[in-house]
Amino acid sequence: MNRRLLDIQNLTIESVATRKPVVRGVSLAIAPGEVLAIIGESGSGKTTLGLTALGHIRPGLQVASGRVLLDGADLLSMGPAALRSMRGRRVAYVAQSAAASFNPSLMIGEQVIEPALVHGIVPADEARARALELYHDLSLPDPANIETRYPHQVSGGQLQRLMAAMAMCCGPQLLVLDEPTTALDVTTQIGVLEAFKRAIRQQGAAALYISHDLAVVSQIADRVVVLHKGVTQEEGPSQAIINAPKASYTRTLLSAYKQWAPGAVAAPTATVGSPLLTASNITAGYGQNPTRGPRVVAVRSVDLEVHRSSVVAIIGESGSGKSSLARVIAGLLPSASGEIHLAGTRLPKTVEQRSKDQLRRIQIVFQSPDVALNPAHTVEQILGRSLALFGGNRRRERGALVRDILEMVQLPAEFARRKPSELSGGQKQRINLARALAAQPELILCDEITSALDTVVAASIIDLLRRLRAERGLAFIFITHDISTAASFADEIAVMYRGEIVERGPTDKVLNRPEHPYTKILVDSVPQLEAGWLEAAAGRRECLLASGGGVTLAD
Amino acid sequence: MTAVKPSSAAANRRNAKRRTLSATGVFAVAILLLWVLVALFGPFLAPHNEADIVSDVNFTRPTVEYLLGTDYIGRDVFSRLIYGARTTLATGLIATLIAECLGICLGFFAAIRGGIVDSVMSRLNDALLSFPHIMMGLVVIAALGSSIPVLIATSGFVYASAVYRIARALAMDLREKEFIEAARARGEGTWWVLSREILPNTTLPLLTDFALRLSFIILFMSSLGFLGLGVQPPTADWGSMVRENMEGLGSGSLAPIIPAAAIASITVALNLLVDELSRRTGRIYGGARE
Amino acid sequence: MLNLIGRRALQGLLTLLLVSFLVFAGTELLPGDVAQAVLGQHATPESLQELRVQLGLDRPAALRYVSWLAGVIHLDFGVSLASQVPVRTLVMDRLGHTLILAGLSAAVAVPIAFVIGLGAATRPAGVFDRISSIAALCVSALPEFFLGTLLVLIFAVNLRWLPAIAYVTEFRSFGQMVTSLAMPVATLAAVIISQMARMIRATVVNVLSLPYVEMAVLKGVSYRRIILVHALRNAVGPIANVVALNLAYLVSGIVVVETVFVYPGLARLLVDAVSSRDFPVIQACVLIFCAVYIALMLLADIAAIIGNPRLRHQE
């Protein structure tokens, strides 16, 4: 590398309070026009590192040693005025959550051209014209009128593009993009990603792309730095890292990243006999009186069947009604119409009307490990309550049973005395699962239980579920937006789109030979590792959307 | 990507840090404890009886015999201050307990029931809150006259509406949490959800509210006392003591200032404590005095 | 947005109606009746009956409420039981004084609170923030009669700079007005300044910690512009709300302050009326104070609506 645009040398950043390093001795360099990705999980220090490229250290952190050079000038020793004139003009930032990063009280247009105006680069008219050009480049709908709208009037995907426009408005030499597509649905992500890639190339800017997603990174970056707990694990060209990882952490990450590729799908188990659970013609929603004509319909005429010890995955994007369906089955949301049968007997609509045995047989596990467990209770109390309620076990027996259940979810017995705040995210999710197991259920509803977890932790939870199913013959309804996870675990997949199940069948068939146009787009939107996938998939998406089929997507 | 993984050691450290008070916190607790002790053992500490006229001279300067001087009819201010601690603290505490119990029960009930019950209760409560407390107190006292039971009941009832709002908000926050959903999904009844799932998670905020409410109620009751509409003579009450002795102010007597300062010391200590506690709950308390 | 504000205004009006009902019902709480309360225990049955007829107590309560309310709408609050003077005359005499006191206090308090709150918020945990925060916390917890008596002791008794009481019927000169109102205004303002400063600080600190402020920093926007354009634009609604809430608090504070300084205002009239159980006067004063309070609460709500872009741009 001849010229270095950004050169981070042996940088260590630590917490002011505890002096614990967040970033430890990291060095990296970006050449003009190059796209470098930093890949890492939560807590890897990737955002902290990314912000140093703008000379910004968040409150509570401090630089212990090292330098950050932009075109040879050290950003860490620059005065406030010099930093200000560099930020937004030479280096610009695109944050993960555009919804939070736009000022809710200012019109979008004002905010997009603000960097150009405060740096006095161009007059307002010219800045506006340039922004309009960028709106076109980033494929924003109705570019002429978007500038007079307020952030809450625009969709998440559009806001993310608008933030990119804001960053590119001054024509910076370096863009720092921090997980810019993580908060988006996959079908939205693909469009945004493609627009970003195109715009970066047109600008000729260099970029530092921060992500946890290997596939996304492989589509957009020239080189990759793998970061784990603040330390660089390895560095190299994207394809080399993916095809021949050297560091052991990278290998773990890759193997956890159960890449679903066409053909690589779990073999379906034979589904014989009568189903354990049948849901027929379910319609449900929210409003004053959800059982009689709900105001907002979340689930529309849905049929579902689950056989004993089988796994049915329900996939769909946010707002597709998949969680509402789980709540209907659990009796938390009374349906407006339709019936649910458990092993041949009809289930009452609400929790209150169901018998204790019916409640025991179906358990639900929620998404967020942080709020699914009562922070005031110990693990023993949490599990003990399920045991007492459904097993009728006496207090004395419970201690031993709690240990057994903890062992089942691979946690040591001494965890019984801990409170949720003393557990990691993955451990909390195991307790969450253990609470369901304590009831000795036949069917467990898992509502996005891996989506708040890091890839490696999520993979270990899926392994646990797989084992529980094999050993105890449990059936699962596995609700997720993550198609790769569904593919690696489910026998059957049901695809939900706007409250309806548009396609249902064996995993292999749904994913490899999808019939419904929405399923085709959804399946094709899952980022793949191979080079050139992004452009090809974006092209196919355009064709599918153009050919109709009644599918419209958020952008 | 929000999963946080505190090591258990770090969590323990955090818990340990939670249990210790800062210097201002210790100061506040010390002042409150002092007054509670004074209130409990008052009759043993006071050199004179609260109603006894011990001197022919009114508004004397502090002397060895009358540590804080005498009041407008020659009673010992020091003794009356000690007896007044009892009246002021006891009436304040009982009224606060009434306000908290009433407010928490109704607030939790409204949050759990939801729907039309909640809307009707909350609308009514909003109407009550748009009545300045002092005006409510004045109307009730004009009608019923001033006596200790009337004062306590009025303060308790008037301040219950603010407690209701906070208790309801706390329960509403928690009601949406997944662990409450999980409890509902396993068929727990309303009582279990309230007492085992919601209450343990609201103790600190409710305790903080108790301290804040106590300071408001003490201010409210002593203001009524100062207006001559509170505890009636000869019972010593700090607010009434300020009023009785106002005429001494012109001659520089400390008799009106001392009981006022005593009230101030308690309300300031309570607010320092509230500030300390609310740092932990992350909720902002105080703001506009009610 | 106008829809929403209209709905709130209507709610305010309904609340006022409810308040009028409560104020009226308050007198019905009496163990005996108004005549009994006025004449005391030793009244003869004949004089009681006479007063009852004179006050119209022989009519049903609902009818009396309606006719009282009809009078109130025409600003006719009846006749004082104690002085036999029309209540309107008594109220009009005093209202001006109270408005001057409250208005001056607000005019002094709002800018000072603004400066303190903003100053503390721009440098959180700095020296100014720490000192002003603890001072504001303490002052906001002080009873007005403590502050008032302390000021009198220092400035009137010991230093002899100011008169101890603000007993004036007409202000003869501006200088005289300033000296007689200095202490009452200072007492009232101190409490609301400290409360407002704390709440303004909390609001601004909260806004400054939001992601879009960090984004503005990363765009190279100057600190001045961040405060004035990004932070204040979003804090202005909540701050206006804070100001209105605290001005509403003046209604309570003024009752005590007028008593401390023997100030001839409406609150003093009310307190005296409560002592002498002069119900028509009590009803009139309470209704006026409540109307002002409700109006300020309404303003606070409107400020909150205008400050929230989601509500402001609701179609």
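Residues numbered from 1 in each chain as written. Chains lettered and ligands numbered in written order. Predicted model: local features only at pLDDT ≥ 70, side-chain atom pairs only at ≥ 80, totals over all residues. Heavy atoms only, no water.

A. Structural detail: the overall build of chain B. Secondary structure assignment for chain B yields 11 helices and zero strands. The N-to-C order of helical and strand elements in chain B reads α-α-α-α-α-α-α-α-α-α-α. A buried classification covers 56% of the 290 residues belonging to chain B. Sequence-distant contacts, at least 24 apart, represent 73% of the contacts inside chain B between residues at least 6 apart. Counting every atom, chain B has about 12100 Å² of accessible surface; 65% of that belongs to carbon and sulfur. (Helix = DSSP H or I, 4+ residues; strand = E, 2+ residues; numbered from the N terminus. Buried < 20%, exposed > 50% of the residue type's maximum accessible area, 1.4 Å probe, protein only. Contact = heavy atoms within 4.5 Å. Areas by Shrake-Rupley, 256 points an atom, 1.4 Å probe, with all protein chains shown as cover.)

B. Looking closely at the interface of chain B and chain C. In this complex, chain B contributes 46 residues to the contact, which on the side of chain C involves 53 residues. At the boundary of chain B with chain C, the tally comes to one salt bridge. Ionic pairing is found between Asp275 of chain B and Arg198 of chain C, a salt bridge with its closest N-O pair at 3.8 Å. If you look at where chain B meets chain C, you find three residue pairs in polar contact (both at pLDDT 80 or more). Broken down by secondary-structure element, the contributors of at least two residues to the side of chain B that touches chain C are helix H4 (115-129), helix H5 (133-144), helix H9 (203-226), helix H10 (238-244) and helix H11 (257-281) of chain B. If one sorts the elements of the side of chain B that touches chain C by residue count, H11 of chain B sits on top with 10 residues. Among the residues forming the side of chain B that touches chain C, the class breakdown is 30 nonpolar, 12 polar and four charged. (Salt bridge = Lys/Arg side-chain N within 4 Å of Asp/Glu carboxyl O. Polar contact = N/O pair within 3.5 Å; in protein donor to acceptor, adjacent residues only side chain to side chain. Nonpolar A, V, L, I, M, F, W, Y, C, P; charged D, E, K, R; others polar.)

C. Region of the structure containing the pairing of strand S10 (residues 231-237) of chain A. All names here are of chain A. Direction of pairing for strand S9 (residues 223-228) relative to S10: antiparallel, over a ladder of six bridges. Counterpart to Val224 in the pairing with S10 is Gly236. Between S9 and S10, which pair antiparallel and follow one another directly, the connecting turn spans two residues, one of which, Lys229, has a positive phi of 50°. (Pairing = 2+ DSSP bridges.)

D. Broad picture of a nonpolar patch on the surface. Residues and elements named next belong to chain B. A cluster of nonpolar side chains, contributed by Val36, Leu37, Leu40, Phe41, Phe44 and Leu45, occupies part of the molecular surface with about 630 Å² of accessible area. Tracing the chain through its elements places Val36 in helix H2 (residues 23-45). Take Val36: its relative accessible area is 39%, and that puts it in the partly exposed class. (Patch = residues over 30% accessible without salt bridge, like charges linked within 9 Å, V, L, I, M, F, W, Y side chains within 5 Å.)

E. Expanded view of the confidence of the model for chain C. All names here are of chain C. Across chain C, the average pLDDT comes to 84, with 92% of residues at or above 70. Looking at the elements of chain C, mean pLDDT is at its lowest for helix H2 (residues 34-39), recorded as 68, and at its highest for helix H9 (residues 211-218), recorded as 93. Two summary scores accompany this predicted model of the complex, namely pTM at 0.84 and ipTM at 0.85. (pLDDT = per-residue confidence, 0-100.)

F. Just unusual backbone geometry, in detail. Residue and element names in this part refer to chain A. A positive phi angle, close to 40°, is found at Ser301, a residue other than glycine. For Ser301, the location among the structural elements is in strand S12 (residues 296-306). Of the residues examined, Ser301 reaches a relative accessible area of 43% and is grouped as partly exposed.

G. Geometry of the sheet that holds strand S4 (residues 61-70) of chain A. Residue and element names in this part refer to chain A. Pairing within the open sheet is antiparallel, and its four strands lie in the order S2-S1-S4-S5. Two strands in the sheet have a free side with no partner beyond their single neighbour: strand S2 (21-30) and strand S5 (73-74). Examined bridge by bridge, strand S1 (residues 6-15) and S2 share six bridges and lie antiparallel to one another. What sits directly across from Ile13, in S2, is Val23.

H. Examining the environment of Gly107 of chain B more closely. Residue and element names in this part refer to chain B. Here Gly107 shows up in helix H3 (residues 77-113). Remark: the alpha-carbon pair of Gly107 and Ala160, spanning 53 residues in sequence, is separated by 9.6 Å. When neighbours within four sequence positions are excluded, Gly107 is seen to be in contact with Tyr164, Ala167 and Arg168.

I. Quick peek at the packing of aromatic side chains. Considering all chains together, one arrives at 11 aromatic pairs over all chains under this definition. Arranged with centres 4.9 Å apart and planes meeting at 65°, the rings of Trp35 of chain B and Trp238 of chain B form a pair that is edge-to-face. Here the residue Trp35 of chain B occupies a position in helix H2, and Trp238 of chain B occupies one in helix H10, the gap between them amounting to 203 residues. Neither residue differs from the other here; Trp35 of chain B and Trp238 of chain B are each classed as buried. A centroid spacing of 6.2 Å and a plane angle of 35° characterise the contact between Tyr65 of chain C and Trp68 of chain C, whose relative ring orientation is tilted. One end of the pair is Tyr65 of chain C and the other is Trp68 of chain C, both in helix H4 (residues 61-73) and three residues apart, which spans about a single turn. By the burial criterion, Tyr65 of chain C is buried, and Trp68 of chain C matches it. One aromatic cluster is present, formed by Phe21, Phe24, Tyr65 and Trp68 of chain C through successive ring pairs. Directly above the aromatic system of Trp192 of chain B lies the positively charged group of Arg385 of chain A, at a separation of 3.4 Å from the ring centroid. Geometry around Phe415 of chain A places Arg418 of chain A over its ring, the cationic atom sitting 4.3 Å from the centre. (Phe/Tyr/Trp six-rings, centres within 6.5 Å; stacked < 30°, edge-to-face > 60°. Lys NZ or Arg CZ within 6 Å of the ring centre and 35° of its normal.)

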